[in-house]
Amino acid sequence: MTGRKIEITDGIRTHLNNKMNKTIADLDEAADVHVALAVEKHRHFAEVTVKTKGFTIHSQEETNDLYVSMDKALVKMEKQIRKHKEKN
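Described in the following lines is the structure provided in the data block. (Residues numbered from 1 in each chain as written. Predicted model: local features only at pLDDT ≥ 70, side-chain atom pairs only at ≥ 80, totals over all residues. Heavy atoms only, no water.)

1. Some thoughts on the overall build of the chain
Spelled out, the test is: Secondary structure elements follow DSSP: runs of H or I of four or more residues count as helices, runs of E of two or more count as strands, with numbering from the N terminus. Burial classes: relative accessible area under 20% of the type maximum marks a residue as buried, over 50% as exposed, and values in between as partly exposed (1.4 Å probe, protein chains only). Throughout, a residue-residue contact means that at least one pair of heavy atoms, one from each residue, lies within 4.5 Å. Neither His nor the chain ends is counted toward charge; the positive residues are Lys and Arg and the negative residues Asp and Glu. Lysine's charge is taken at NZ, arginine's at CZ, aspartate's at CG and glutamate's at CD.
For the chain, the count of helices and strands is two helices and four strands. Reading the helices (α) and strands (β) of the chain from amino to carboxyl end gives β-α-β-β-β-α. Its C-alpha atoms give the chain principal-axis dimensions of roughly 40 × 20 × 15 Å. For the chain, the proportion of its 88 residues judged to be buried stands at 35%. Residue pairs in contact within the chain that sit at least 24 positions apart in sequence constitute 41% of those at least 6 positions apart. The centroid of the 16 positive side-chain charges in the chain is displaced by 4 Å from the centroid of its 14 negative side-chain charges.

2. Examining the nonpolar core
We count it as follows: For our purposes a nonpolar core is just a set of buried Ala, Val, Leu, Ile, Met, Phe, Trp, Tyr and Cys residues, chained together by side-chain atoms within 4.5 Å.
Among the nonpolar cores identified, the biggest contains 19 residues, and Ile12, Leu16, Leu37, Val48 and Met70 are the most heavily contacted of them. Residue assignment for this core shows that the elements contributing at least two residues are helix 1 (10–24), strand 2 (32–40), strand 3 (43–51) and helix 2 (66–87). In terms of residue count, the dominant contributor to this core is helix 2 (six residues). In this structure Leu16 touches Met1, Val35, Leu37, Met70 and Leu74, once residues within four positions along its chain are discounted.

3. Topic: the sheet that holds strand 4 (residues 56–63)
We apply this condition: Here, any two strands with at least 2 DSSP bridges between them count as paired. Axes here mean lines fitted to C-alpha atoms, for a helix over just the part in contact, with angles spanning 0 to 180 degrees between N-to-C directions.
Taken together, the four strands give an open sheet; going across it, the order is 1-2-3-4, and neighbouring strands pair in mixed fashion. Lying at the two open borders of the sheet, with one neighbouring strand each, are strand 1 (2–4) and strand 4. Each strand of the sheet is rotated relative to its neighbour by a mean of 10°, with strand direction disregarded. For strand 2 and strand 3, the ladder comprises nine bridges, and the chain directions are antiparallel. Following the sheet pairing, His34 is matched in strand 3 by Thr49. Packed onto the sheet, helix 1 meets strand 2 and strand 3 and runs at close to 140° relative to strand 2. In the packing of helix 2 onto the sheet, contacts are made with strand 2, strand 3 and strand 4, and the angle to strand 4 comes to roughly 150°.

This is the structure we're talking about:
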């Protein structure tokens, strides 16, 4: 987890871990996950990258609320994981 111009608090870390565990559980394999959070004036960015043996998925979201950005980025990630699993 990386924070750009933002401190990653325990609350943010807990929220992300809970959401990520649900999202990544669909993968059925080991994955390297990187989350980058950034704040610029009133814009909050969340980027999530998941790397596994066979593929890499990236999602990014920008809103005016950090938690909404994280949740939306993870929803995008979930859709991409589902799409990948349907292909195989």
